[in-house]
Amino acid sequence: MKKERRAINGTIGFIPTMGCLHKGHVSLIEAAKNECDKVILSIFVNPLQFDPSEDFDKYPSNFEADKKIAENSGVDLIFAPTNTEMYPFEMNSFVSTGKLSGYLCGKFRRRHFDGVATVVTKFLNIVTPQNTYFGQKDYQQYLIIKKMVEDLNFDTEISVMPTIREVDGLAVSSRNTYLSPEERKAATAIFRALVKAEKEIINGKKTVADIIIKSMTELEKERLIKVQYFEIVCPFTLQPKTVIDNNILIAIAAYVGSTRLIDNIIVDIDN
Ligand code: AMP
């Protein structure tokens, strides 16, 4: 990778992914192409960010299909290291993330964000991109990486791009491939619940508990859905809100059958 990286002149836009590429990833590639001379995309399912009970072993992968999508979207270099290339020896150094990892997904995936921050640190040092792109769908991940880059003086600009959705609103995700047709249908309730909460807020409702109880009904109607969290938080600190005041992040994590999906929307109260 070092040799290939050195051969590239001009600015580099970088997109870290776990593969199983879809139109969400393509939107990040397009953003990078608009802003940078060359685009590097990594494909790596990072064992450090999975808990033992999670889906590391069965995470979907199809390198040939990914290669086609990446090439057709204009990626200049795919970096798809093996596990031993990324972790050739026992690691002694890890990135430890702070408070932001204690909220939302961090409450349920304890070591997840330290694993993400560690692998992203390795990638940023290998790829040395001027710009790095993340999706809003994984908003907490974006925020933690952005803060890490500021805290530790990485020389890259972090951008967040809007969530790409299917026509029925479901956020596009590699994990959607796990869903049975029945589960796929039920999964649309996640976006419906987010939109319902957003509408309540736009209509002037102020009490978070009331907004959540009302919007939760969308999810409760679906017997295949088990909600892990449904929260309204500050988009900068991720601290839960009790009253709607400034801009807010509405975020949901839910199991649809055995598949855990996340989604969120940001409501800009000032506008
Ligand atoms: P993943 O391969 O799931 O780790 O995702 C790699 C990057 O793509 C992350 O920054 C995600 O937030 C982003 N991403 C995943 N799904 C979407 C989507 N539906 N819309 C926009 N970005 C996405």
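Residues numbered from 1 in each chain as written. Predicted model: local features only at pLDDT ≥ 70, side-chain atom pairs only at ≥ 80, totals over all residues. Heavy atoms only, no water.

Moving on to the packing of helix α5 (residues 112–127) against helix α6 (residues 139–151). The geometry of α5 relative to α6 is characterised by a closest axis approach of 10 Å and an angle of 55 degrees between their N-to-C directions. One way to sum up the angle between α5 and α6 is to call them oblique. Crossing of α5 over α6 shows right-handed handedness. Contact with α5, carried on its side by Phe113, Val116, Ala117, Val120, Thr121 and Leu124, involves Gln140, Gln141, Ile144, Ile145, Met148 and Val149 of α6 and no other residues of that element. Looking at side-chain class alone, the contact of α5 with α6 contains 9 nonpolar, 3 polar and no charged residues. (Axes fitted to C-alpha atoms, helices over the stretch in contact; angles between N-to-C directions. Helix = DSSP H or I, 4+ residues; strand = E, 2+ residues; numbered from the N terminus. Parallel < 35°, antiparallel > 145°, perpendicular 65-115°, else oblique. Left-handed = near helix turned anticlockwise from the far one by under 90°. Contact = heavy atoms within 4.5 Å. Nonpolar A, V, L, I, M, F, W, Y, C, P; charged D, E, K, R; others polar.)

With that settled, consider the packing of helix α8 (residues 188–202) against helix α9 (residues 208–220). α9 packs onto α8 with a crossing angle of 155 degrees between their chain directions and a minimal axis gap of 8 Å. In terms of orientation, α8 and α9 fall into the roughly antiparallel class. The way α8 lies across α9 gives a crossing that is right-handed. Each of Ala189, Ile190, Arg192, Ala193, Lys196, Ala197, Glu200 and Ile201 in α8 lies in contact with α9, whose residues at this interface are Ile211, Lys214, Ser215, Thr217, Glu218 and Leu219.

As a further point, take the pairing of strand β2 (residues 38–43). The buried count for β2 comes to 5 of 6 residues, which makes it a mostly enclosed element. In this sheet, β2 lies alongside strand β1 (residues 12–17) in parallel orientation, the contact comprising 6 bridges. Residue pairing in the sheet places isoleucine 15 in a bridge with leucine 41 of β2. Crossover handedness for the path β1 to helix α2 (residues 23–35) to β2: right-handed. (Buried < 20%, exposed > 50% of the residue type's maximum accessible area, 1.4 Å probe, protein only. Pairing = 2+ DSSP bridges. Right-handed = clockwise from strand over helix to strand, strands pointing away.)

What follows covers the sheet that holds strand β7 (residues 248–256). Across the sheet, which stays open at both edges, the 3 strands sit in the order β6-β7-β8 with antiparallel pairing between neighbours. Of all strands in the sheet, those bounded by a partner on one side alone are β6 (225–233) and β8 (259–267). Neighbouring strand axes in the sheet, compared pairwise and without regard to direction, differ in orientation by 10 degrees on average. Inspection of the sheet shows β6 paired to β7 by 8 bridges, in the antiparallel sense. For lysine 226, the partnering residue across the bridge sits in β7 and is tyrosine 255.

With that settled, consider the site of the ligand. Neighbouring the ligand are 17 residues; Met18, His25, Asp138, Ile164 and Val172 lie closest to it. Contact with the protein chains removes 94% of the 480 Å² of surface that the ligand exposes when unbound. Those elements that provide at least two residues to the shell around the ligand are β1, α2 and β4 (131–135). Grouping the amino acids of the shell around the ligand by side-chain chemistry returns 8 nonpolar, 7 polar and 2 charged. (Near = heavy atom within 4 Å. Areas by Shrake-Rupley, 256 points an atom, 1.4 Å probe, with all protein chains shown as cover.)

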